Amino acid sequence: MSITLRGLCAALILCATTSQAHAWWWFGKDKSYADTRYPIVLVGGIIAFDDIAGIDYFYGIADDMRDYGAEVYESNVSALQSNEYRGEELIVQIENYLAVTGAEKVNLIAHSQGSPTSRYVAAVRPDLIASVTSVHGENRGTAVADVIRGVVPEGSITEGLANSIGNAFGALWESLSGGPNPGDQSTRDVLAASTTEGLAAFNQRYPQAMPTSACGTSGQHTVNGVRYWSWGGDGVHTNLFDPFDSLLVTVTQFAFSNGEAHDGVLPLCGMYLGKPIRHNYNHNHADAIRQLFGLMGWETDPKTLYRNHANRLKNAGL
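What you see is a predicted model, and the numbers here were worked out from it, not measured in a lab. (Residues numbered from 1 in each chain as written. Predicted model: local features only at pLDDT ≥ 70, side-chain atom pairs only at ≥ 80, totals over all residues. Heavy atoms only, no water.)

1. A short note on the nonpolar core
Then comes step 1: Among the nonpolar cores identified, the biggest contains 29 residues, and Val 41, Leu 90, Ile 94, Leu 108, Ile 129, Val 132 and Tyr 228 are the most heavily contacted of them.
Then comes step 2: When residues of this core are traced back to their parent elements, those giving at least two are β1 (40–43), α4 (83–101), β5 (106–112), α5 (114–124), β6 (129–137), α9 (196–205) and β8 (226–233).
Then comes step 3: Of the residues forming this core, the biggest block, 5 residues, is contributed by α4.
Then comes step 4: With residues near it in sequence (within four places) discarded, Ile 94 still touches Val 106, Leu 108, Val 121, Leu 128 and Ile 129.
Then comes step 5: Core analysis: the second largest hydrophobic core is formed by 27 residues, Leu 42, Phe 58, Ala 130 and Trp 231 among them. (Core = buried A, V, L, I, M, F, W, Y, C linked by side-chain atoms within 4.5 Å. Buried < 20%, exposed > 50% of the residue type's maximum accessible area, 1.4 Å probe, protein only. Helix = DSSP H or I, 4+ residues; strand = E, 2+ residues; numbered from the N terminus. Contact = heavy atoms within 4.5 Å.)

2. Examining the layout of surface pockets
Then comes step 1: Roughly 1,100 Å³ of volume is contained in the largest pocket.
Then comes step 2: Surrounding the largest pocket, 35 residues form its lining, Ile 46, Ile 47, Leu 247, Val 265 and His 285 being those nearest its centre.
Then comes step 3: Breaking the lining of the largest pocket down by element, the ones donating at least two residues are β5, α6 (143–151), α7 (157–177), α8 (187–194) and α10 (243–255).
Then comes step 4: Broken down by class, the residue content of the lining of the largest pocket amounts to 24 nonpolar, 10 polar and 1 charged. (1 Å grid on protein atoms, 1.4 Å probe; cavity = no way out; pocket = protein on both sides within 12 Å on 5 of 7 lines; lining within 4 Å. Points joined across faces, edges and corners; volume = space filled by probe spheres on them. Nonpolar A, V, L, I, M, F, W, Y, C, P; charged D, E, K, R; others polar.)

3. Considerations on the side chain of Ser 78
Then comes step 1: As for its position among the elements, Ser 78 is in the loop between β4 (72–74) and α4.
Then comes step 2: Polar contacts involving the side chain of Ser 78 include one to the side chain of Glu 89, which spans 2.7 Å.
Then comes step 3: If near-sequence neighbours (up to four positions away) are discounted, Ser 78 is found in contact with Ala 48, Tyr 85, Arg 86, Glu 89, Glu 174, Pro 180, Asn 181, Asp 184 and Gln 185. (Polar contact = N/O pair within 3.5 Å; in protein donor to acceptor, adjacent residues only side chain to side chain.)

4. Here's the deal with the environment of Pro 267
Then comes step 1: Residue position: Pro 267 is located in the loop between α10 and β9 (275–281).
Then comes step 2: Overall, the relative accessible area of 10% leaves Pro 267 in the buried class.
Then comes step 3: Residues Pro 267 and Ala 168, 99 residues apart in the sequence, show an inter-C-alpha distance of 29 Å.
Then comes step 4: What Pro 267 contacts, discounting residues up to four positions off in sequence, is Gly 141, Thr 142, Phe 256, Glu 260, Ala 261 and His 262.

5. Some remarks on the state of the cysteines
Covalent bonding between the sulfur atoms of two cysteines defines a disulfide.
Then comes step 1: Counted by the stated rule, this structure contains 1 disulfide.
Then comes step 2: In this model Cys 215 forms its disulfide with Cys 269; the gap between the sulfur atoms is 1.8 Å. Because the torsion about its S-S bond is -90°, the bridge between Cys 215 and Cys 269 counts as left-handed. Pair noted here: Cys 215 is in the loop between α9 and β7 (222–223) and Cys 269 is in the loop between α10 and β9, with a separation of 54 residues, a long-range link.
Then comes step 3: Judged by its relative accessible area of 35%, Cys 215 is partly exposed. (Disulfide = S-S within 2.5 Å.)

By themselves, these are just geometric observations and shouldn't be taken as functional.
So this is what it looks like as structure tokens:
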């Protein structure tokens, strides 16, 4: 019995002297790991929402960052609108977050169309923004929108019909998610904003941190006091059991026939902004926000990427 007690005591001493790097594993998560100076605001893309019926757009990501000490807000801008329109909505929400928290600025982490939405805010109100991080960002448009524009010409009867149907869906979606302007959706404007031509015009107006070459991999890291990062991926069919993947494969067949790297929705070349982190994750466009319900392949869980980026922001004094 005495040998057993000595062994138990030795084990307890070993646990107590475990290095700090592993101490969180024994005693809980490191609550300071993602404790950034400024709050983090997550910004969604097309069909954006904060949560519907308890399902987050950034599925499980905000709560995970909060578990590690981050103060995180999930914005809710219009599902179907232009980058500028959504950007003005986001400015109002940011001002509300700052009023509640007493913080001077926020860190924006944005997915898909959330990237140009956030870039607009950083361009017109840099005093509100500490950083913008683009995740699978729609920074150069997408061939998907180009194909749709070819089928639905601007000003056509077909466009008018598609706009009416899309707007009705957007209004319903916004009502379900408690969005800011349910009755003011514009499928026509979001399509125009998502074409390669539309984003090229947007980038001329708001070029901050964009790579200057056609498929450049880095832009200015700091512009007007705002720091910019990006990450992305080129996975498409990453999980056989995920219905989103089958949809993305279908998208791939008609929109990306030229062999360029993409995530099923956006070209890899368009995901770069500011300082690149990594852009070859085996994540598709939905994987980047852990949809559908966290179904992914064998790549790193995106929760880890967002959590580690919060730590990166913390270490940068942001």
